Amino acid sequence: MAKASFDTLRALAIASQALGFIIIITLETLMGDNARPWQAVTLAAMVFFALGIALVSHYRRNKARKVRDQRAEED
């Protein structure tokens, strides 16, 4: 079976990280040193989002493996 050429989760992960870095840079530009707490919150949100995407990816991979194993047993 051919692998999908577009991975939605990977695109979502890249977009979320890019958005997070843009927010961090914008906060630094607008607020200077006062942006540090907000940058930390943004970074924490980025990590949380990345972990969520990794968890969904792991779940999908395991689900696909179980389906593949069940099909192999039936044949």
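Look a little higher up for the structure.
Structural notes, computed from the coordinates. (Residues numbered from 1 in each chain as written. Predicted model: local features only at pLDDT ≥ 70, side-chain atom pairs only at ≥ 80, totals over all residues. Heavy atoms only, no water.)

**Describing a positive patch on the surface**
A cluster of basic residues, Arg61, Arg65, Lys66 and Arg68, forms a positive patch at the surface. One can find Arg61 in helix α2 (residues 36-74). (Patch = residues over 30% accessible without salt bridge, like charges linked within 9 Å, V, L, I, M, F, W, Y side chains within 5 Å. Areas by Shrake-Rupley, 256 points an atom, 1.4 Å probe, with all protein chains shown as cover. Salt bridge = Lys/Arg side-chain N within 4 Å of Asp/Glu carboxyl O. Lys, Arg positive; Asp, Glu negative; His and termini not counted. Charge placed at Lys NZ, Arg CZ, Asp CG, Glu CD. Helix = DSSP H or I, 4+ residues; strand = E, 2+ residues; numbered from the N terminus.)

**Quick look at α2**
Helical geometry note: an α-helix holds 3.6 residues per turn, so side chains three or four residues apart project in the same direction. Look at α2: 57 Å from first C-alpha to last across 39 residues, which is about the 57 Å you get at 1.5 Å a residue. Among the residues of α2, those classed as buried are Gln39, Thr42, Met46 and Ile53. Where the residues of α2 are buried, they touch α1 (8-31). (Expected span 1.5 Å × (residues − 1). Buried < 20%, exposed > 50% of the residue type's maximum accessible area, 1.4 Å probe, protein only. Contact = heavy atoms within 4.5 Å.)

**Quick word on the pattern of salt bridges**
In this structure the tally under the stated criterion is two salt bridges. Among the ionic pairs, Glu28 bridges to Arg36, the shortest N-O distance being 2.7 Å. Accessibility expressed as a relative area gives 29% for Glu28, which makes it partly exposed. Taking relative accessible area as the criterion, Arg36 reaches 45% and is therefore assigned partly exposed. Each of Glu28, Asp33 and Arg36 takes part in one network of salt bridges that share partners.

**Regarding the environment of Ala50**
Tracing the backbone shows Ala50 in helix α2. Sequence-wise, Ala50 and Ala13 are 37 residues apart; in three dimensions their C-alpha atoms are separated by 6.3 Å.

**As for α1**
Under the 1.5 Å per step criterion, the end-to-end length of α1 is 34 Å for 24 residues, consistent within 8% with the ideal 34 Å. Leu9, Ser16, Gly20, Ile24 and Leu27 are the residues of α1 that are buried. Here the buried face of α1 lies against α2. The N-capping residue of α1, defined by a side-chain oxygen 3.3 Å from the backbone nitrogen of Leu9, is Asp7. The positive-phi residue at the C-terminal boundary of α1 is Gly32, with phi of around 70 degrees. (Polar contact = N/O pair within 3.5 Å; in protein donor to acceptor, adjacent residues only side chain to side chain.)

Such coordinate-based values are descriptive only and should not be taken to indicate function.
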